[in-house]
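A look at the structure
Spelled out, the chains give:
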Amino acid sequence: MKNQRFHHRLGFAIDGIVSAWRSEASFRLQCLATLGVIAVLAWRQPPMMWWAFLLIMCGMVLAAELFNTALETALDHLHPERHDAIRIAKDCAAGAVLLLSVTAAGVFAAFLVDTFSS
Ligand SMILES: Nc1ncnc2c1ncn2[C@@H]1O[C@H](COP(=O)(O)OP(=O)(O)OP(=O)(O)O)[C@@H](O)[C@H]1O
C-alpha cells in the first residue's frame with residue numbers, strides 16, 4: 001500500500017476530508033467560518049499579508065481538526081472502553097484545536113480593528 005500514485009494518494013486525502021465533513025459538526029462549522037473569513041477578505045481587499053495570515057490560521061485550524069478526528073476515530077476503534085490514557089490523548093488533541101481556534105480568532109480580531117480603523 002506504500003508509495004501509490006499521486007492521484008490515488010490525493011483521492012485518499014479527499015476521502016478523509018469528506019468523511020470528516022460528514023461525521024464532525026465542528027469541522028463543518030470551521031469550514032463555514034473559513035468561507036466567512038474569505039468572504040470578508042474578498043470584500044475588504046486588505047494587503048496580501050492579511051490574506052496570508054488569515055489563510056494560514058484557517059488552514060491550521062482545519063488541519064488540527066482533521067488530526068483530532070483521525071486520533072478519535074483510531075482510538076475509539078482500537079480501544080472502545082474508557083481509559084485515562086485515552087481521555088488524556090483526546091483532551092490534548094481537543095486542546096490543540098482550541099488553542100489554534102483562539103489564536104485564529106485573535107488574528108481575525110486584529111484584522112478587523114486594522115481594516116475598520118483605517
Ligand atoms: N475511551 C475514553 N476513555 C476516557 N475518556 C474518554 C473516552 N472517550 C472520550 N473520552 C472523554 O470524552 C471527551 C469527548 O470525547 P469524544 O470522543 O466524544 O469527542 P467529541 O466530543 O466527539 O469531540 P469532537 O467534538 O472534537 O469530535 C474526550 O475529550 C475525553 O475527555
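Under the annotation held in an unreviewed UniProt entry, the protein chain carries the name Diacylglycerol kinase and is attributed to Massilia psychrophila.

1. What to know about the pattern of salt bridges
Across all of its chains, the model carries three salt bridges by this definition. Measuring nitrogen to oxygen at the nearest pair gives 2.6 Å for the salt bridge that ties Lys90 to Asp76. Taken together, the residues span a long stretch of sequence, with Lys90 in helix α4 (residues 84–117) and Asp76 in helix α3 (residues 48–78) at a distance of 14 residues. Judged by relative accessible area, which is 22%, Lys90 ranks as partly exposed. With a closest N to O distance of 3.6 Å, Asp91 and Arg87 form a salt bridge. Taken together, the residues span about one helical turn, with Asp91 and Arg87 both in helix α4 at a distance of four residues. Given a relative accessible area of 41%, Arg87 falls into the partly exposed group. Connected via shared salt-bridge partners are Asp84, Arg87 and Asp91.

2. Some details on the site of the ligand
With respect to spatial proximity, the complete set of residues near the ligand consists of Glu24, Ser26, Asn68, Glu72, Glu81, Arg82, His83, Ile86, Arg87, Lys90 and Asp91. The contact in question runs from an oxygen atom of the ligand to an N or O atom on the side chain of Asn68, over 3.0 Å. Side-chain polar atom of Asp91 to an oxygen atom of the ligand: 2.5 Å apart, as the coordinates give it. Taking 630 Å² as the accessible area of the ligand by itself, protein coverage stands at 64%. Listing elements by their share of the shell around the ligand, those giving two or more residues are α3 and α4. Broken down by element, the residue count for the shell around the ligand peaks at four residues, all from α4. Broken down by class, the residue content of the shell around the ligand amounts to one nonpolar, three polar and seven charged.

So, how was this worked out
Residues numbered from 1 in each chain as written. Predicted model: local features only at pLDDT ≥ 70, side-chain atom pairs only at ≥ 80, totals over all residues. Heavy atoms only, no water. Salt bridge = Lys/Arg side-chain N within 4 Å of Asp/Glu carboxyl O. Helix = DSSP H or I, 4+ residues; strand = E, 2+ residues; numbered from the N terminus. Buried < 20%, exposed > 50% of the residue type's maximum accessible area, 1.4 Å probe, protein only. Near = heavy atom within 4 Å. Polar contact = N/O pair within 3.5 Å; in protein donor to acceptor, adjacent residues only side chain to side chain. Areas by Shrake-Rupley, 256 points an atom, 1.4 Å probe, with all protein chains shown as cover. Nonpolar A, V, L, I, M, F, W, Y, C, P; charged D, E, K, R; others polar.

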